[in-house]
Structure formats: structure tokens, C-alpha cells
Amino acid sequence: MRIARYGAAVAAILFLAAGSAAARITRIEITKTEPAYGGQSFGAVGAYERVIGKAYGEVDPEAAANARIQDLKLAPRNAKGLVEYSTDIDILRPKDADKGNGVLLFNILNRGNKGLVNPFNLGDIGVVADMNAVTKAGDGFLERQGFTLIWFGWQADILPGMDRMTMKVPAATGPGGAPITGVVRAELIVQAATKTLNLSSGWFTGLTHDSYPTVSLDNQTPLADGFVPTLTVRAKENAPRVAIPNTEWSFAACTEGAEPKSDAKKICLPAGFQPGRIYELIYRARDPLVLGLGYAAARDLAAFLKNARADDSGAANPIARRGQKAIVMGTSQSGRFIRTFIHLGFNRGEDGERVYEGAFPHIGGGLLPLSLRFAQPGRAWGDQIDHLYPAYDFPFNYAHVEDPLTGRAQGIYDRCTATQTCPLLFHAATALEIWEGRQSLGLTDPLGLRDVPDLPSTRTYIMASTQHGPAPLPLPTAEPFGNCAQQSNPNPHTFTMRALLMALTGWVRDGVEPPPSAVPTIASGTLVSPDLVRFPAIPANAYGNVRRPAVRYLGVTNPLHPLDYGPLYDAADGSGMITVEPPAPKPGLYGLRVPQVDSDGIDVAGIRNVYLEAPIGTYTGWNLFRKERFEDGFCNFSGSFIPFARTKQERLDAGDPRLSLEERYPTPQAYAEAVKKAATALVGKRFLLQEDADLLIGQASTEGIRLAP
């Protein structure tokens, strides 16, 4: 493997800069302007206003800059020959614009839900419904900094409800308006037994995503080409598929005491869908949406809000101001959106200029197959759940790297480097993304043999011993612990994310060099093969009167092969058409690596926050599913928390090799000193803000040793 210099390696794609792309926002429609958070004031910035409305855009299907929007040329056009779309917008702006910090912070929604406040604001921000309704600001960190916060719809298959945001895009059609059809594979997974599901009902999609309708309600008569839909069930991802006869299910909604009611977007299984099973429906669908227009919306709306004074009709840009910088931030699915947005060249605006000066993908490894015929962007990349969806095609790195398994040489920053439109980027991930999400491939070559350094314009930060999203407190106190074998990991992201956001802002706005990347590496021996991890033997225990089973370290990862989706699928750009379902694994296995741990089972490298430097238990980036829930597979998006014994005698009685709280912190003062030492060091590295260090040190000094996470 070698990391190629750019130059000739990217010259072949310079043609993308040529031509004028008639892609822009033509109309802004503001439906409501109101005080945000009931008029609450945020320090020196003061009050905020909330602006709600829609943006309308149009895209030239013949322009080179839009060439990677799948099926754009098959979409209906207006009188100017352009394809139209509209998107919801929701903006929080400082009421006094002069008190803002000059940074527009765009959030890429997660399945239609607002995710910007959650990673940064402490305190009561409410549940998802509250965040979508923008009713609770917590400690108002983002607002106190003076950011203008912007949300917009990009995922057009999101259903309305709970203040979710979406966008409107056309469906692609064939000659003369004939419907386009294609094969769709739907994993149907439930948390509780039910008889009727939407065809889109997966672990992450449920009732929130629209479904592609079947071409025929008759699931038993072959289509003209002999195709017949199939439904199978299996207990684990790698278990044999067991066919469910087509006479036992139908495209319908089950109706109690009556015949099923036919429905092109639902499936009825009278025997019932059961938890802990993967039901896989493969059917012929129709009317694919041009979902790739979501990338155009992210490009064109940011360019308009940052630069334009008014729309075509003269309606004012609600946040027009000279010299503003734009940062795009997204969590999980949304982080994958950002990476793919850059990879496909969409950070270059119609005028040839950079759209977002900064990018902050959070817990978003892999790519997002949005610009794909019959795309399912709500799917993910789990060990058991959504394992076979196209979320992890090469390229994995921002740098240009050769992949011996596919024969391709690519990097996520290739296109923006060629057009000089790359953003300054922070990639922040958790340990779980390494264990379950294959994040190590973003740190190494594809075979996992050597480290790949960051580009000058990128930084990578791995938050050690954290899970995808911290478990809410209080943790469950009795088995079963949700779907998992152990209690989940509550180690927070927020303190680290706040510090990183301010460092990225300083880099983008003021040119202040950020902290160096903080990652485990092969060279240092902190990123290793799973069989080399020295995980301690943690026995079953009842610490804190909570009974837990022994921790079982299996030494495995979420394996990744190149997958064959058929000859019409373009793996290089995650576009085209899938014709082979389920996909067939190709020869070769990518070289996944995982973090090495200390004697407590806590990751050695990465950003070790105060909770790890003064721990009260073991925090991991992995957990296992419990019995009857895909047993021994990685428990989706969950790490583990196993507390230390309180006393030496308690740990000896349990046979626990980890020191007890009593042995680590002989007095409350010793614990407070450990917290202070850790916080001070993190502030020095710029991985913790001083205000947050003061908060954590104060808590340790006044509340004593934490007995619960």
C-alpha cells in the first residue's frame, strides 16, 4: 500500500470543475418568526429568534456538478429544463446579529430529527420531540457562543410526525412517464411482536420512513420475467435463511377478525413478526425517488444563506451578513452524509467556491448510499443489524489510498482537492465505531497493516471507551439490560465535543491551528488485532446490588468483505442500481483493528476524558446481545459499563482483578485530586474547556467519589 500524492492522481477528475451548474435556491418562504425558547437570554449574546419556512431550489440535470445525482436526468423538468425540489428550514439566529460569532452552524438531520443541540448543550434538552420542537436549550452552550443554528430537510423518504423535517423531490420515470421498477431488499426487525409492518420497517426506520411500493399486490403469481418476492427469517446475520411460504404472508395490513387489507407499502404476517429475528423481504418495487437531491439541497442552501442577499423575487435572506463562515455538523447517519457529500464533490458551489469552510462528522464512519436508485439512507452498518447494506464501500480514508481488494485508488478528499474546495474537517468518533463500525479503516490502509496519517486539512479524534451515543441515566438495575448482556456505557461525549467545536471554530474563523489528532495507532501498539487485546477477566458480580453476568470477550470485530451488488452498482461513488439481493461477498477481507486496553479494560489511546482518567468502572466500546436477541453478536451501538467493587474485600470475594474504589481513592480528597489532575491535563491539550473543567472539579470536590456513572 502507498499513500499517493495528489497531483496526477486527481487530475483525471478536474473536469468536474468545468461548466456552469444552474443549481441554486430560487425562493425562500418564511412562514413564522418567533422568539426562541420563550425569549430566554444567553449571556452576552442575548435572546435568539426562530425562523421557520421552506426553501425552493432547482438543479440542471445536464450540468457536470450534478452528474452524481442518481436518476436526475429521469426526473420531471420545469419550463426551463430544470429539476425542482423544496426543503424545510428552521433557523435560530441571535436577535442582535452584531452579537453573533459570525459562524453558521448547519446540522445534517438524523432521519428527519434535529441533532445539533444534543452533542453540545448540557442540562435538560428533553427528548427527541423536544429537540425537534426546539423547546429546551439546556445550559445554552451553543447559543452562548453566538452560533447561528440551521436545520434543513435532506432525506425525502421521511414521513411526517413529531416535528420531523423533510424535503420534497420527484420520482424518476421511464420514457413517456412509465414507472421505473427494481429489486429492493428490506430487513424487517421488531422490538415487540406485531403482525403488520411498513415495507421499510427496520431497526432504525420503523414507522418514520416511507416505503417503496410493490409493483404487484399478488405475491404468489410470477411477474412477466419470472420474479416472485420472497420472505425469509433467521436468528442471526450469518445463520441460514429459512423461507416463509408466500401463502403465509401478503402485501397488506393485518386486520383483527377480518381478511387482510391490501396495501402496496405494508406486509402482513398473521403468525407475527417476533423480536430477535431478521426477516428479509426481497420484492420488486416501483417509483424510486431522486434522493440524491439531498446533496444539492445541502450545497445550494448553504451557499444561499451564506452569500445571497435575497431570492429571485426579492425576499430577503433571513441571515444575510458579510463575511460569515459555514460549518456543517452531523451525527451518525448524518456524519456519513457529510463524508459522502465531500467525496462526491458537492462542497463546490455553483460559483466554483467552497460551500462549507468547516465540517464536523461525528460518529459517522463509512459512507451514505443516498444517491442510489431505490436508496435506503435510513439503514446502517451493524454486526447483526443492516450488515449487508452498502454503508461501507471503499474509500474509507480522507487521504488517497490504494485498495488491493477492489483495485481502486481513492480518497474522500480527492474531488475537493482537485477543485480546491475542501473544508477544514474534524472527524470525531467513539470506540464503538472502531469495534462495530469498522472505523479503524479510516486510520489505516485497507488491510490494516500500517497507519494512514491525516491530511493537513483534517484531524481525527477517537473518544476512548465510549459508545455510539452515551447510555441515558439511570442505567437499568436488573437483567435484562435492554437487548444487551451488560449495562450500556454512559461515558459522555459532550465535554469533548464542546472543546472540539470551539477548536474547529477557531481554525475555520480565525486560522488558529487545532490540537493534533488523537487516535490509536498500529505503530504505537495501541491499535491491534482483536486477538491481541489484553482484556481483563471480569467475573459475574452484584456490585451496587445489581446482578451482572461475567464479561465475555470474544475477540471479534464486525467483518467486512467487498460485496457484489451487481454490474449496475457503482461502488466507487455509491450510486447506480442494485440488481443482486442479497449481495454476494467477494474474495478478500479488510483488515480491521481495535483499541488496546489497560488493566481495567479501558482504551489506552485516543481522548481519555475525566471519566476514564478517574474511573469508577470499566467502560468499553462493545457489548454483546443477550440470549434470544442475536446472542453474542455486537449489541447494536452499545458499549458496556461494569463498575468497580467498592471495597477490596468485595472484589476479592468476586475474584475481580480490577482494583476497588477503596484501593484507588482512599479518601474523597484523593478522588477529587485525580479528577482535578485529569481535567487540568485535558484543558492543556484543548480537549476540555476550562468552564467544564471547573464544573467537573467542583462536582468531585463537593459530591465525593461517584458510586454510579
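Below is a summary of the structure that appears in this document. (Residues numbered from 1 in each chain as written. Predicted model: local features only at pLDDT ≥ 70, side-chain atom pairs only at ≥ 80, totals over all residues. Heavy atoms only, no water.)

## A few points about the side chain of N397
For step 1, the next point in the chain: Mapped onto the elements of the fold, N397 is located in the loop between β17 (358-362) and β18 (401-402).
For step 2, the next point in the chain: Within the structure, N397 has its side chain in polar contact with the backbone oxygen of L441 (distance 3.2 Å).
For step 3, the next point in the chain: Here the side chain of N397 touches T444 through a polar contact of 3.1 Å, landing on its backbone oxygen.
For step 4, the next point in the chain: Ignoring any residue separated from it by four or fewer positions in sequence, one finds N397 in contact with G411, I412, L441, G442, L443, T444 and V452. (Helix = DSSP H or I, 4+ residues; strand = E, 2+ residues; numbered from the N terminus. Polar contact = N/O pair within 3.5 Å; in protein donor to acceptor, adjacent residues only side chain to side chain. Contact = heavy atoms within 4.5 Å.)

## Here's the deal with the side chain of R498
For step 1, the next point in the chain: Examined against the element boundaries, R498 turns out to sit in helix α8 (residues 494-510).
For step 2, the next point in the chain: A polar contact is formed between the side chain of R498 and the side chain of D692, at a distance of 3.0 Å.
For step 3, the next point in the chain: The contacts of R498, once residues within four sequence positions are left out, are F120, N121, L122, D139, F141, R144, L689, E691 and D692.

## Overview of the nonpolar core
For step 1, the next point in the chain: Counting 155 residues, the largest nonpolar core has F106, L293, Y356 and F360 as its most contacted members.
For step 2, the next point in the chain: Other than its neighbours up to four places away in sequence, L293 contacts V59, I69, L72, V83, Y85, M167, V169 and P170.
For step 3, the next point in the chain: Grouped together as the second largest cluster of nonpolar side chains are 20 residues, F204, F394, L432 and Y590 included. (Core = buried A, V, L, I, M, F, W, Y, C linked by side-chain atoms within 4.5 Å. Buried < 20%, exposed > 50% of the residue type's maximum accessible area, 1.4 Å probe, protein only.)

## Some details on the pairing of strand β5 (residues 103-108)
For step 1, the next point in the chain: Burial of β5 is extensive: six of the six residues sit out of reach of the surface.
For step 2, the next point in the chain: Burial along β5 is two-sided: V103, L105 and N107 facing one way and L104, F106 and I108 facing the other are all buried.
For step 3, the next point in the chain: As paired strands, β5 and strand β16 (residues 325-331) are joined by six bridges and run parallel to one another. Looking across to β16, one finds that V103 is bridged to K325. (Pairing = 2+ DSSP bridges.)

## Some thoughts on helix α4 (residues 293-307)
For step 1, the next point in the chain: With 15 residues, α4 extends 21 Å from end C-alpha to end C-alpha; this agrees with the ideal 21 Å at 1.5 Å per step.
For step 2, the next point in the chain: Among the 15 residues that make up α4, 13 are buried, leaving the element largely enclosed by the rest of the structure. (Expected span 1.5 Å × (residues − 1).)

## A word on the packing of aromatic side chains
For step 1, the next point in the chain: The tally for this structure, following the rule as stated, stands at 35 aromatic pairs.
For step 2, the next point in the chain: Each ring, one from F396 and one from Y590, has its centre 5.0 Å from the other, and the planes form 90 degrees; the classification is edge-to-face. With F396 in the loop between β17 and β18 and Y590 in the loop between β26 (584-585) and β27 (594-595), the pair connects residues that are 194 residues apart, well separated along the chain.
For step 3, the next point in the chain: A residue is classified by how much of its surface remains accessible, and F396, at 2% relative accessible area, is buried.
For step 4, the next point in the chain: The class of Y590 is buried, set by a relative accessible area of 5%.
For step 5, the next point in the chain: Among the aromatic side chains, those forming a connected cluster through ring pairs are F106, F152, W154, Y295, F337, F341, F346 and Y356.
For step 6, the next point in the chain: The positively charged end of K114 is found above the aromatic ring belonging to W151, 5.7 Å away from the centroid.
For step 7, the next point in the chain: Sitting above the plane of the F227 ring, R284 keeps its charged end 4.5 Å from the centroid. (Phe/Tyr/Trp six-rings, centres within 6.5 Å; stacked < 30°, edge-to-face > 60°. Lys NZ or Arg CZ within 6 Å of the ring centre and 35° of its normal.)

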